[in-house]
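Topology and contacts: notes
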Amino acid sequence: MNFDLTSEQEMIKRTLRQFADEVVAPGAIERDRTKRFPVEIFNQLAKMGVMGLPFPEKYGGGGADTISFAIVVEELSRVCGSTGITYSAHISLGGAPLFLFGTEEQKQTFLTPICTGESLGAFGLTEPNAGSDAGGTRTRAHEENGGFIINGNKCFITNASFAKHIAITAVTEVKDDKKEISAIIVPTNAKGFTVIDQYEKMGLNSSNTTELVLEDVRVPAQNLLGKRGEGFRQFLITLDGGRIGIGAMAVGIAQGAYEKALEYAKERKQFGKSISSFQAIQFKLADMAMKIELARNMVYKAAWLKDQGRPFSKEAAMCKLYASEICMEVTSQAVQIHGGYGYMKEYQVERMMRDAKLLEIGEGTSEVQRMVISRFIGC
Amino acid sequence: MNIYVLMKRTFDTEEKIALSGGKINEDGAEFIINPYDEYAIEEAIQVRDANGGEVTVISVGNEETEKQLRTALAMGADKAVLINIEDEIENGDQFTTAKILAEYLKDKDADLIIGGNVAIDNASGQVGPRVAELLTIPYVTTITKLEIDGTNVTVTRDVEGDAEVIETSLPLLVTAQQGLNEPRYPSLPGIMKAKKKPLEELELDDLDLEEEDVEAKTKTIEIYLPPKKEAGRVLTGDLNEQVQELVQLLHTEAKVI
């Protein structure tokens, strides 16, 4: 057993922590209000070589591990959940499937611009009637003249407005009422492809969440990602990795809210004393610190298993479930400790509480995570 | 160009200083590259990128200093040297550090040596100038601009807010003031490569120095925290009375007028 970060992981943590405090944190309230996507932050992250972090150097990546990915997501999310989710989705939903299932040529063509930050990464899975229930997928891809013609709608797609191409899932054939689902890489500037950025969300306001409309979109056959009919299996594997990202994001938001609450509790005086000297507040803060520590350990463990090339689906579901639920509790308590001020945007914690809610929903709801875990423990 | 950077590991600027047993308590404190030395590292990298050559970062410190040296390597320095004096020297001062650095540098044919203007802990600002004196090369402190053309150097120096332009030549030692540049964040490829870059570790012995040769010239008598700020006093009464009282207090109590 060894609980130490490597010297690289430690330096990544220090660098990103400093970057988050100096560059990401200052505009977070304003961006939440105006819903402005922080392009300049991602340009700077690209310059630092962070956008391709876990992918091999030959595609312009950084060759770092999954623990480092979790560290970056946590540090960004600690000060701005929107920045955190953009980065997490870019890597784990946008880049990962191309890296895991793409041909060498597809990786050169589509993964490289993701690593350099020229394109953000996005993944088109969810539809109005299909998310974790992939059987509900309605988007169809017909093969014709050595290519696919795609029709359908996708919803809640992160980063699509800033992506040059997106892997989407579509039904490529129906045999005996069974849908064959495949993933196909679609350029976002293809004729008939529309990205709609019109959602009004509860939180994560400066992240980009879109609807995709595909009307007779034609792509060449070589844009099929991996093997035909493997779309379902591919997206399960992709989501396993994505859950580590969501877990790390939850740890980051919780850590940010906890730090704010601790600082405030030490400064705020009531009845002649700092409120941090009252046991009611101390116990809240102690619980917050404990839960965050446990969640982070679980995120690191899932990431470590993935880095070792060992099965990690159960641990990924556990870390995502636990971290997102404690994140909701911690952010809610952070608002509580702040009292009336906590309800005000200026104190940041109300935004963190709103941002946190998505984590119990995105990339498989808490209920779906419990289903996944149940299967692994033999129910 | 052969460029050397003098770097010190210091307390994080965010740390609260606590004393125990007459010494500053370092337990659990975060350490960083002295912020002024960060400007020095950045400048060295920029000069190298423009003129070619190599950047070596040197620090006189302890085992822990490797972390800050690795960070400098991650930023883009080529090599690092740690002169570890942990076991041999208990109470060094500016003389100690300067003597060790000069001894290391004397046969290195350095074209340019850059240090921070001061370290944020002891803030003496002496090590740079002392090293230059020992090496008998010119030095310019608190610089905000550095232009190199062949061996001619034009330096802009901060003089209490005014700028002084000095022309000099290589070899040269300069110390960096805030405003010289904007230090970069280490890049991910830089971080991944930092461990593979050479980091040489030396002791006094390797420099043919004895402890007596570098013995501190100063002695620390006492370390104490600045007095706590007292609560202010609010004057009352009508405006004229308040003014009179204020003038009176400034005269008799504060003795400033």
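Numbering of residues begins from 1 in every chain and follows the order in which that chain's sequence is written. The order in which chains are written sets their letters, starting at A; the order in which ligands are written sets their numbers, starting at 1. Given that this is a predicted model, residues contribute local features only at a pLDDT of at least 70 and side-chain atom pairs are listed and counted only at 80 or more, while totals for whole chains, interfaces and linings are drawn from all residues. With hydrogens and water excluded, all non-hydrogen atoms of the structure serve as input to the side-chain values.

Turning next to the overall build of chain B. On a plain count of helices and strands, chain B comes out with six helices and 13 strands. Evaluated residue by residue, chain B yields a buried proportion of 43% over its 257 residues. Here a residue-residue contact requires only that any non-hydrogen atoms of the pair lie within 4.5 Å. Restricting to contacts in chain B with at least 6 residues of sequence separation, those with at least 24 account for 69%. The charge count includes Lys and Arg as positive and Asp and Glu as negative, but it does not include His or the ends of the chains. Taken as the charge location is NZ of Lys, CZ of Arg, CG of Asp or CD of Glu. Looking at chain B, you have 25 positive and 52 negative side-chain charges, and the mean spots of the two groups are 3 Å apart. The way it works is that DSSP assigns letters per residue, a run of H or I at least four long becomes a helix, a run of E at least two long becomes a strand, and they are numbered from the N terminus. Only protein chains enter the calculation, and the probe is 1.4 Å; a residue is then buried if its accessible area is under 20% of its type maximum, exposed if over 50%, and partly exposed in between.

Once that is clear, we can look at the nonpolar core. Nine residue types can take part in a nonpolar core, namely buried Ala, Val, Leu, Ile, Met, Phe, Trp, Tyr and Cys, and a core is a set of them joined through side-chain atoms within 4.5 Å. Counting residues in each nonpolar core, the largest one holds 130 residues, and the members touching the most others are Phe19, Leu45, Val50, Tyr87 and Ile337 of chain A together with Leu112 of chain B. The biggest single contributor to this core is helix α7 (residues 231–267) of chain A, with 15 residues. Filtering out sequence-adjacent residues up to four positions away, Tyr87 of chain A remains in contact with Phe42, Val50, Met51, Leu53, Phe69, Val72, Val73 and Leu76 of chain A. The next biggest cluster of nonpolar side chains, apart from the first, holds 26 residues, and it includes Val81, Ile100, Leu101 and Leu209 of chain B.

Here the focus is the pairing of strand β11 (residues 162–169) of chain B. All names here are of chain B. One requirement defines pairing of two strands: DSSP has to find at least two bridges between them. In this sheet, β11 lies alongside strand β10 (residues 152–159) in antiparallel orientation, the contact comprising eight bridges. Looking at β11, one finds that Thr156 is bridged to Val165. Joining the antiparallel neighbours β10 and β11 is a turn of two residues, in which Glu160 adopts a positive phi near 50 degrees.

Moving on, we get to the domain arrangement of chain A. Residues and elements named next belong to chain A. As used throughout, domain bounds are those supplied by an automatic or database domain assignment. For chain A, the assigned domains read domain 1 (7–116), domain 2 (123–230) and domain 3 (233–376). Once you take the C-alpha centre of each, domain 2 and domain 3 turn out to be 31 Å apart. Across the boundary between the two partners, domain 2 contributes 14 residues, which contact 12 residues of domain 3. When two parts are put together, the accessible area they lose, computed with a 1.4 Å probe and summed over both, is reported as buried area. With both chains or domains summed, domain 2 and domain 3 bury close to 1100 Å², and 63% of this area falls on carbon and sulfur atoms.

The next point concerns the packing of helix α4 (residues 66–79) of chain A against helix α5 (residues 81–101) of chain A. All names here are of chain A. Their axes nearest at 6 Å, the elements α4 and α5 cross at an angle of 155 degrees. Between α4 and α5, the angle is such that the two are roughly antiparallel. Between α4 and α5, the residues in contact are Phe69, Val72, Val73, Leu76, Ser77 and Val79 and Gly81, Thr83, Gly84, Tyr87, Ser88, Ile91 and Ser92, respectively. For the contact of α4 with α5, the residue count by class is seven nonpolar, six polar and no charged. Throughout, an axis means a line fitted to C-alpha atoms (over the contacting stretch in the case of helices), and angles, computed between N-to-C directions, take values from 0 to 180 degrees. Orientation categories follow fixed angle ranges, with anything under 35 degrees roughly parallel, anything over 145 roughly antiparallel, 65 to 115 roughly perpendicular, and all other angles oblique. Side-chain classes are defined by residue name, with Ala, Val, Leu, Ile, Met, Phe, Trp, Tyr, Cys and Pro counting as nonpolar, Asp, Glu, Lys and Arg as charged, and the others, Gly among them, as polar.

What follows deals with the packing of aromatic side chains. Stacked, edge-to-face and tilted are the three classes for Phe, Tyr and Trp ring pairs, Trp counted by its six-membered ring, which pair at centre distances within 6.5 Å; planes under 30 degrees apart are stacked, over 60 edge-to-face, the rest tilted. In total, this model carries 14 aromatic pairs over all chains according to the counting rule given. Between Phe271 of chain A and Phe278 of chain A, the aromatic rings sit 6.3 Å apart at their centres with planes inclined by 75 degrees, giving edge-to-face as the arrangement. Take Phe271 of chain A: its relative accessible area is 77%, and that puts it in the exposed class. Aromatic side chains Tyr4 of chain B and Tyr104 of chain B sit 6.4 Å apart centroid to centroid with 70 degrees between the ring planes, which places their arrangement in the edge-to-face category. One end of the pair, Tyr4 of chain B, is in strand β1 (residues 2–6); the other, Tyr104 of chain B, is in helix α3 (residues 94–105), and 100 residues separate them in sequence. Exposure class is identical for Tyr4 of chain B and Tyr104 of chain B. Each is buried. Joined through ring pairs, the aromatic side chains of Phe37, Phe42 and Phe162 of chain A make up one cluster. Lysine and arginine charges are scored as sitting over a ring when NZ or CZ, respectively, is within 6 Å of the ring centre and within 35 degrees of the ring normal. Against the face of Phe31 of chain B rests Arg9 of chain B, its NZ or CZ located 3.7 Å from the ring centre. Its end group placed over the ring of Phe95 of chain B, Lys217 of chain B keeps NZ or CZ at 4.6 Å from the ring centre.

As a further point, take the domain arrangement of chain B. Taken domain by domain, chain B consists of domain 1 (2–214) and domain 2 (227–257). Here domain 1 of chain B and domain 2 of chain B have C-alpha centroids that lie 46 Å from each other.

Let's shift gears to α4 of chain A. End to end, α4 of chain A covers 21 Å across 14 residues, agreeing with the expected 20 Å (1.5 Å per residue, within 8%). With 14 of its 14 residues buried, α4 of chain A lies for the most part within the structure. Here a helix's expected span is defined as the number of its residues, less one, multiplied by 1.5 Å.

Next up on the list: the interface of chain A and chain B. Contact residues are listed per partner, giving 19 residues for chain A and 13 residues for chain B. Summing both partners gives a buried area of about 1400 Å² for chain A against chain B, and 65% of it is carried by carbon and sulfur. What counts as a salt bridge is simple: a side-chain nitrogen of Lys or Arg found within 4 Å of a carboxyl oxygen of Asp or Glu. On inspection of chain A and its partner chain B, the count reaches two salt bridges. The partner of Lys195 of chain B in a salt bridge is Glu8 of chain A, with the nearest N and O atoms 3.7 Å apart. Whenever two N or O atoms come within 3.5 Å, that pair is a polar contact, provided that in protein one can donate a hydrogen and the other can accept it, and provided that, for residues adjacent in sequence, both atoms are side-chain atoms. Between chain A and chain B we count four residue pairs in polar contact (both at pLDDT 80 or more) in total.

Moving on, we get to the pattern of salt bridges. Residues and elements named next belong to chain B. One pass over the full model with this rule turns up 37 salt bridges over all chains. Notably, a salt bridge pairs Glu245 with Arg233, separated by 3.7 Å at the nearest N-O pair. Highlighted residues: Glu245 in helix α6 (residues 239–252) and Arg233 in the loop between β13 (199–202) and α6, separated in sequence by 12 residues.

Let us now look at a nonpolar patch on the surface. Together, Ile17, Leu19, Ile24, Ile223, Tyr224 and Leu225 of chain B give the surface a local cluster of nonpolar side chains, amounting to about 520 Å² of exposed area. Looking at where Ile24 of chain B falls in the secondary structure, it is placed in strand β4 (residues 23–24). Patch members must show over 30% relative accessible area and no salt bridge, and they are joined within 9 Å when carrying like charges or within 5 Å when they are nonpolar side chains of Val, Leu, Ile, Met, Phe, Trp or Tyr. Methods summary: accessible areas were calculated by the Shrake-Rupley approach with a probe of 1.4 Å, and residue burial reflects only the protein chains presented.

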